[in-house]
Amino acid sequence: MTRLQKFGITIVSLLLAINLASSGLIAQTKSAEQRWRGIDINGMAATVKPCQDFYGYANGQWLEHTPIPADRSSWGSGAELYEKNLVVLHQILEDSAKDTKAPKGSVIRKVGDFYRAGMDEARIEAEGAAPLKKEFARIAAIKDATSLQDEIAHLHRLTISPVYGFFAYQDFKNSTRIIAQLYQAGLGLPDRDYYTNDDEKSKEIRKQYVEHVAKMFELLGDNPAQAANEANTSMALETRLAKASMTQVEQRDPNAVYHKMSLADLNALTPGYSWDRYFASIGIAEPGDINVAQPEFFKEAGRMMTTVPLNDWQTYLRWQLINATAGKLSSPFVNEDFHFNGTILGGAKELRPRWKRVLQATDSDLGEALGQLYVAKTFGGAAKAQAQTMVANLKAALCDRLSTLDWISEDTRKHALRKLDAIVVKVGYPDKWRDYSGLAVDGGSYVQNDLQASEFEFERNLKKIGKPIDRTEWGITTPTVDAYYNPNFNEIVFPAGILQPPFFDPKADDAINYGAIGSIIGHELTHGFDDQGRQFDADGNLKNWWTADDEKNYNIRAALIDKQYSDYVPIESLHINGKLTMGENIADLGGLKIAYLALQKALDGKPRPEKIGGFTPEQRFFLAFAQSWRRNTRPEMARQLIVTDPHSPARFRVLGPISNMPEFLKAFGCEGDNSMARPEALRVKIW
Ligand SMILES: [Zn+2]
């Protein structure tokens, strides 16, 4: 999860990082390589009828015969590509680590030093939690409300977020200004619902969580009875914070998380908590306007600050610190952390090898340094140009669609077209790389290097307040297998990581590329017009440009898609949350529709392409789309994602959109035997 996602809305990515999924394009003989590229014939299931279960038809054999690797919670197209990227990145890191003659301060040197410290197992094992001694001593030294507050500010600078979080980000209603933003945080479980749901499974996870927290205290040297007490104390505190927290669905309304106020207003909101002191401690003399995303949460946190005993806070802060750093300490900490977060919550059986974990940390701490080295090795100008052309074609298709839609008025249409025209497109990698010259990678220990990098990032973000916004910035790193739309910048972003097979293959035919990357590009474009994105204008401001009638019409259509997905039951008795996933579902449907239109435009006026493997271009389009979403997920992870993921499970990201599309029914001749298609009256048509 990126920091942006942590505080409610903002960027909407295609996938969650943990779900990085991808596919295989197999069935290739040398002579038929071009012809067959993009469809894995062997992965399909001939016994399933496309009109009854297209996901099963396109992926049945693959789903049945592809095990999830022991160290993963899910496996599919994105994960395969992600693992392929890891091989390239691994080599870069090994080479950089060996290059001890690289000039001090150079990107190679920083990346190499960081990676080497992470791979220094002997040192990491010998040190245990010792590198954090100074940090724990600070917590132990808390003696009053003021020093408690100072410690919270200090941990925030290390990008650990006890109680609440701080982030400098655009003012939703004035996208040219960066302001201070405060948001709810401070939990150790994946979402506030984990603390409040009262089904048996949730109760069991809470029990296992408290045991896990106690184990961590024991590893820090506390005796079992004391550790158990401390775990209960932390849990009680987190539960109180959770109960005061807004749900994910509530936070999807951008107006509900927009409460701009002055420092004086903020101080009045939480009597007893000095925000002047907090801002001074994190390093801002004059914060100016502050957006408090969830004021009710802050009121409760403020009350807790003045009533919860200091000792309890100290216990909670120790837990927050160890929880954030355990993965970078010696194996007892790493294993306990994995046992709970990897196995209990995610179903993974085995810890990932060290190099993969350190690689991920390097990507997170020095992402744009690593990205530069990655691009130099992998991403060519031709791929960039071809991807840009596809984006232009998708934009043109959406423009046609917006120009002809019958359910919006001319006034709304004008605004929508203006917004589409203004969407900025970023492809491949940033024009300007982030400057790491201020970051020293010399902490000695792996965990210290990580905390230094975190503080550097905090400082970089903080300094944006009051400065002009930097439109060249990227929200995810270059090797990432993902894409996003950012409503505040009104931009769509496709890093080099995802611009590879099976999502994008310069050698495959148009039908394949429009079905795979085309539907992804369409998805991101549609985010500008989903139930959240549509509330932002061409300049990235939260500003209503809809007529009352059009808005009413939109909401009727959105309610239909809510109902469609809420009826799906992907695991046991758990339904998809149609309100949580609404934006993504709208983007999935719109994206596929626009990609289909773009393919038709691309085919228009040319001789009709022949069938490949017996499939028409339209059939190949839908097959490539469905195969790009093939994925097996462990039940533990599936349960977690139902609560936390704004995307629907992969199967429904395919079945949901196509069951609304007559184009699909026509492509596969679904007449009579079309149990997958939704009845005409319930079909969703938005973009
Ligand atoms: Zn999305």
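Each chain carries its own residue numbering, running from 1 in the direction its sequence is written. Confidence filtering applies because this is a predicted model: local features only for residues at pLDDT of at least 70, side-chain atom pairs given and counted only at 80 or more, and all residues used for totals across whole chains, interfaces and linings. Computation of side-chain values: all heavy atoms of the structure, hydrogens and water removed.

For the rest of this paragraph, the subject is the side chain of Asn59. Along the chain, Asn59 falls in helix 3 (residues 54-65). In contact with Asn59, not counting residues within four places along its chain, are Gly43, Met44, Ala626, Gln627 and Arg630. The way it works is that DSSP assigns letters per residue, a run of H or I at least four long becomes a helix, a run of E at least two long becomes a strand, and they are numbered from the N terminus. Note on contacts: a residue pair qualifies if any of its non-hydrogen atoms lie within 4.5 Å across the two residues.

As a further point, take the packing of aromatic side chains. Two aromatic rings, drawn from Phe, Tyr or Trp (for Trp, its six-membered ring), form a pair once their centres lie within 6.5 Å of each other, and the interplanar angle then sorts them: stacked below 30 degrees, edge-to-face above 60, tilted otherwise. Across all of its chains, the model carries 42 aromatic pairs by this definition. Considering the side-chain rings of Phe54 and Tyr57, the 5.8 Å spacing of their centres and the 35° angle between planes classify their relative orientation as tilted. Taken together, the positions of Phe54 and Tyr57, both in helix 3 and three residues apart, correspond to about one turn of that helix. A simple rule labels every residue: compare its accessible area, found with a 1.4 Å probe on the protein chains alone, to the largest value its type can have, and call it buried under 20%, exposed over 50%, or partly exposed in between. On the accessibility criterion, Tyr57 (11% relative accessible area) is buried. What links up through ring pairs into an aromatic cluster is the set Tyr164, Phe166, Tyr273, Trp275, Tyr278, Phe279, Phe297, Phe298 and Phe458.

In this section: the coordination of the zinc ion. Ideal coordination angles are 109.5 degrees for a metal with four donors arranged tetrahedrally and 90 or 180 degrees for a metal with six donors arranged octahedrally. His523 (NE2), His527 (NE2) and Glu584 (OE) make up the full set of protein donors to the zinc ion, lying at 2.0 Å. Look at where the donors of the zinc ion fall in the sequence and you get H-x3-H-x56-E. Residue His523 and its partner His527 are located together in helix 23 (residues 510-527), separated by four residues, close to a single helical turn. The pair formed by His523 and His527 is uniform in burial state, with each residue classed as buried. Metal sites are built from N, O and S donor atoms within 2.8 Å, or 3.2 Å for Na, K and Ca, and they leave out water, so they may look incomplete.

Cysteine pairs can be covalently joined through their sulfur atoms, and such a bond is termed a disulfide. Any cysteine sulfur atom paired with another within 2.5 Å is treated as part of a disulfide. According to the stated counting rule, one finds one disulfide in the structure shown. Shown here is the disulfide that connects Cys51 with Cys670, its sulfur atoms set 2.0 Å apart. On the sign convention where negative is left-handed, the bridge of Cys51 and Cys670, at about -85° about the S-S bond, is left-handed. Of this pair, Cys51 sits in the loop between helix 2 (33-36) and helix 3 while Cys670 sits in the segment after helix 29 (662-667), and the two are 619 residues apart along the sequence. Residue classification places Cys670 among the buried positions, given a relative accessible area of 6%.

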